[in-house]
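The chain contents come next:
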Amino acid sequence: MELNINGQSRSTNADPSMPLLWVLRDELNLTGTKFGCGVAACGACTVHVDGQPVRSCVMPVSAVANQKIRTIESLGTQDKPHPLQAAWIAEQVPQCGYCQSGMLMAAAALLDKKPQPSDADIDTVMSNLCRCGTYQRVRAAIHRAAAQMKKGGAA
């Protein structure tokens, strides 16, 4: 099966019913996407499928074979972080950090759709769970990134 991941064609012989998360991590060595709960409740496994945030732990790989998949590995680089990644650091969002890749991908999808979200927009969309409770910092980082993206710069 051919997959379009982060703009590249990737091939896998995975069972079509295997969750996308395990194909990404175990078959393609894209380990930035994390396993959290396995039932699509926590959001640690969030990736984009055709621009939509998707919980990859319950998404069969066969369901995304002809779609564009984007993982945390494509969001930014150490040399050129995405404004969200820079804002995450500036606002000191990560505590343990485990949920962060899923949070960042959910936030990126939000900003793609709504470049200047309100607090209510953020609260509605950001359904990822953070055991460390950094939700206020997440909100502040999203606002910071939105402001920087509006200016065309990094956070």
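Residues numbered from 1 in each chain as written. Predicted model: local features only at pLDDT ≥ 70, side-chain atom pairs only at ≥ 80, totals over all residues. Heavy atoms only, no water.

## Some thoughts on the overall build of the protein
So, step 1. Secondary structure assignment for the protein yields 5 helices and 5 strands.
So, step 2. Referenced to the eigenvectors of the C-alpha coordinate spread, the extents of the protein come out at roughly 40 × 30 × 25 Å.
So, step 3. Here the protein holds 155 residues, and 41% of them are scored as buried.
So, step 4. Relative to all contacts within the protein whose residues are 6 or more apart in sequence, the contacts with residues 24 or more apart total 58%.
So, step 5. Of the roughly 7,900 Å² that the protein leaves accessible, carbon and sulfur atoms contribute 49%.
So, step 6. Within the protein, the 12 negative side-chain charges are centred at a point lying 7 Å from the centre of the 15 positive side-chain charges. (Helix = DSSP H or I, 4+ residues; strand = E, 2+ residues; numbered from the N terminus. Buried < 20%, exposed > 50% of the residue type's maximum accessible area, 1.4 Å probe, protein only. Contact = heavy atoms within 4.5 Å. Areas by Shrake-Rupley, 256 points an atom, 1.4 Å probe, with all protein chains shown as cover. Lys, Arg positive; Asp, Glu negative; His and termini not counted. Charge placed at Lys NZ, Arg CZ, Asp CG, Glu CD.)

## Side note on the sheet that holds strand S4 (residues 52-55)
So, step 1. Pairing in this open sheet of 5 strands is mixed, and the strands run S2-S1-S5-S3-S4 from one edge to the other. Since the sheet does not close on itself, it has two edges, and those belong to strand S2 (8-11) and S4, each with one partner. Taking the axes of each pair of neighbouring strands and ignoring which way they run, one obtains an average angle of 40° across the sheet.
So, step 2. Across 2 bridges, the pairing between strand S1 (residues 2-5) and strand S5 (residues 68-70) is parallel. In the strand pairing of S5, Ile5 is matched with Ile69.
So, step 3. Across the sheet, helix H1 (residues 20-27) touches S1, strand S3 (46-49) and S5, and the angle it forms with S3 is around 105°.
So, step 4. Sheet strands touched by helix H3 (residues 100-113): S3, S4 and S5. Its angle to S3, the strand with the most contacts, is close to 35°. (Pairing = 2+ DSSP bridges. Axes fitted to C-alpha atoms, helices over the stretch in contact; angles between N-to-C directions.)

## A few points about the packing of helix H2 (residues 83-90) against H3
So, step 1. It is the contact of H2 with H3, at a shortest axis distance of 10 Å, that shows an interaxial angle of 125°. Taken together, the axes of H2 and H3 lie oblique to each other. Regarding H2 and H3, the two cross each other, and that crossing is right-handed. Along its contact with H2, which presents Leu84, Gln85 and Trp88, the element H3 presents Gln100, Met103, Leu104, Ala107, Ala108 and Leu111. (Parallel < 35°, antiparallel > 145°, perpendicular 65-115°, else oblique. Left-handed = near helix turned anticlockwise from the far one by under 90°.)

## Some details on the packing of aromatic side chains
So, step 1. Under the defined criterion, the tally for this structure stands at 1 aromatic pair.
So, step 2. Summarising the aromatic geometry, the rings of Trp22 and Phe35 are spaced 5.4 Å apart at their centres and angled 35° between planes, so their arrangement reads as tilted. Of the two residues, Trp22 sits in helix H1 while Phe35 sits in the loop between H1 and S3, which places them 13 residues apart along the sequence.
So, step 3. Under the relative-accessibility criterion, Trp22 is labelled partly exposed at 27%. (Phe/Tyr/Trp six-rings, centres within 6.5 Å; stacked < 30°, edge-to-face > 60°.)

## Some details on the nonpolar core
So, step 1. Residues Leu84, Trp88, Met103, Met126, Val138 and Ile142 are the most contacted members of the largest nonpolar core, which totals 23 residues.
So, step 2. Where this core is concerned, the elements lending two or more residues are H2, H3 and helix H5 (135-151).
So, step 3. Sort the elements by how many residues they give to this core and H3 lands first, with 8 residues.
So, step 4. In contact with Met126, not counting residues within four places along its chain, are Met103, Ala106, Ala107, Val138 and Ile142. (Core = buried A, V, L, I, M, F, W, Y, C linked by side-chain atoms within 4.5 Å.)

## So, unusual backbone geometry
So, step 1. Phi is positive for Asn6, which is not a glycine, with a value near 55°.
So, step 2. As for its position among the elements, Asn6 is in the loop between S1 and S2.
So, step 3. Judged by its relative accessible area of 25%, Asn6 is partly exposed.

## Re the layout of surface pockets
So, step 1. Considering only enclosed or pocket space, the largest pocket measures out at about 200 Å³ in volume.
So, step 2. If you trace the largest pocket, you find it lined by Gly36, Cys37, Cys42, Ala44, Cys96, Tyr98, Cys99, Leu129, Cys130, Arg131 and Cys132.
So, step 3. For the lining of the largest pocket, the per-class residue count stands at 9 nonpolar, 1 polar and 1 charged.
So, step 4. Around the second largest pocket sit Ile72, Thr77, Pro81, Gln85, Trp88, Ile89, Pro94, Gln100 and Leu104, which together line it.
So, step 5. Secondary-structure elements contributing two or more residues to the lining of the second largest pocket are H2 and H3.
So, step 6. At 3 residues, the largest contribution of residues to the lining of the second largest pocket is made by H2.
So, step 7. Residue composition of the lining of the second largest pocket, grouped by class: 6 nonpolar, 3 polar and no charged. (1 Å grid on protein atoms, 1.4 Å probe; cavity = no way out; pocket = protein on both sides within 12 Å on 5 of 7 lines; lining within 4 Å. Points joined across faces, edges and corners; volume = space filled by probe spheres on them. Nonpolar A, V, L, I, M, F, W, Y, C, P; charged D, E, K, R; others polar.)

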